[in-house]
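Single-letter residue listing:
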Amino acid sequence: MRRVLLIGAVVVTLVSGAGLVAASAAGPASGGVVEIPVTIHNSRFVPGAITVAAGTKVRFVVDNTDPIDHEFLVGDQSVQDRHETGTEAHHGAVPGEISVPADEVATTTYLFDRPGTVLMGCHLPGHWDYGMQGAISVT
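Below: a short report on this structure. Since this is a predicted model, take the numbers as computed values, not measurements. (Residues numbered from 1 in each chain as written. Predicted model: local features only at pLDDT ≥ 70, side-chain atom pairs only at ≥ 80, totals over all residues. Heavy atoms only, no water.)

1. With respect to the overall build of the protein chain
Okay, step 1: Scanning the protein chain from terminus to terminus reveals two helices and twelve strands.
Okay, step 2: Long-range pairs, those at least 24 residues apart, make up 61% of the contacts in the protein chain with a sequence separation of at least 6.
Okay, step 3: Here the protein chain displays about 7,200 Å² of accessible surface, and carbon together with sulfur accounts for 55% of that area. (Helix = DSSP H or I, 4+ residues; strand = E, 2+ residues; numbered from the N terminus. Contact = heavy atoms within 4.5 Å. Areas by Shrake-Rupley, 256 points an atom, 1.4 Å probe, with all protein chains shown as cover.)

Written out as structure tokens, the structure is:
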């Protein structure tokens, strides 16, 4: 069974037994920030697909329910490639880039300024290849 809920400016799609599989955010009504929750569970982002309107500033609230550390890095393929081969031990100073310790919650804000596809990923050793990645469609 599939249900779609509207929570503020965020559309949440639920599939019975699967949990949150997709979220979409309309632009904020008055230039504010849209909040989108993301859960990390079993080394996966939930939701794994997000849609936002161009011009939307999103505050991601990332809840790492795993017993290991992760990252939540938002950016195009070149950003993801740089982090896959990079050596940054901790993230948090750049919008859209945070480290999320085990069993903790971290937040980051990112402005989606133009249409296209933006990626989210974790680049701790082996995590990206394991499938810890998702797509953000900017419409």
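2. Quick look at the pattern of salt bridges
Okay, step 1: Within this structure, the stated rule accounts for two salt bridges.
Okay, step 2: Here R59 makes a salt bridge to E35, at a shortest N to O gap of 2.5 Å. In this pair, R59 is assigned in strand β7 (residues 56-64) and E35 in strand β4 (residues 33-40), connecting sequence segments 24 residues apart.
Okay, step 3: Note that R82 is salt-bridged to E97, the shortest N-O span being 3.8 Å. Pair noted here: R82 is in helix α1 (residues 77-84) and E97 is in strand β9 (residues 97-100), with a separation of 15 residues, a long-range link.
Okay, step 4: Judged by its relative accessible area of 42%, R82 falls in the partly exposed class.
Okay, step 5: Using a relative accessible area of 5% as the deciding quantity, one classes E97 as buried. (Salt bridge = Lys/Arg side-chain N within 4 Å of Asp/Glu carboxyl O. Buried < 20%, exposed > 50% of the residue type's maximum accessible area, 1.4 Å probe, protein only.)

3. A look at the sheet that holds strand β5 (residues 45-46)
Neighbouring strands of a sheet are bound in pairs by backbone hydrogen bonds; such pairs are parallel or else antiparallel.
Okay, step 1: Here we have four strands laid out as an open sheet, ordered β5-β4-β7-β10, and mixed in their pairing. Whereas interior strands pair on both sides, the edge strands pair on one side only; in this sheet they are β5 and β10 (105-112).
Okay, step 2: By the bridge criterion, eight bridges tie β7 to β10 in an arrangement that is antiparallel. Across the sheet, residue D63 finds its bridge partner in β10, namely V105. (Pairing = 2+ DSSP bridges.)

4. A look at a negative patch on the surface
Okay, step 1: On the surface, a cluster of negative charge is contributed by D63, D69, D103 and E104.
Okay, step 2: Here D103 shows up in the loop between β9 and β10. (Patch = residues over 30% accessible without salt bridge, like charges linked within 9 Å, V, L, I, M, F, W, Y side chains within 5 Å. Lys, Arg positive; Asp, Glu negative; His and termini not counted. Charge placed at Lys NZ, Arg CZ, Asp CG, Glu CD.)

5. So, the pairing of strand β6 (residues 49-52)
Okay, step 1: Of the two faces of β6, only the one carrying I50 and V52 is buried; A49 and T51 on the other face are not.
Okay, step 2: Relative to strand β12 (residues 133-138), β6 runs parallel, the two being bridged by four bridges. Each bridged residue has a counterpart across the sheet, and for A49 the counterpart in β12 is A135.

6. Considerations on the packing of aromatic side chains
Okay, step 1: Using the criterion set out here, one finds four aromatic pairs in the structure.
Okay, step 2: For the pair F60 and F112, a centre-to-centre distance of 6.2 Å together with 80° between the ring planes defines the contact as edge-to-face. Placement of F60 in strand β7 and of F112 in strand β10 is noted, with a sequence separation of 52 residues between them. Of the two residues, F60 and F112, neither departs from the other in class, the shared state being buried. (Phe/Tyr/Trp six-rings, centres within 6.5 Å; stacked < 30°, edge-to-face > 60°.)

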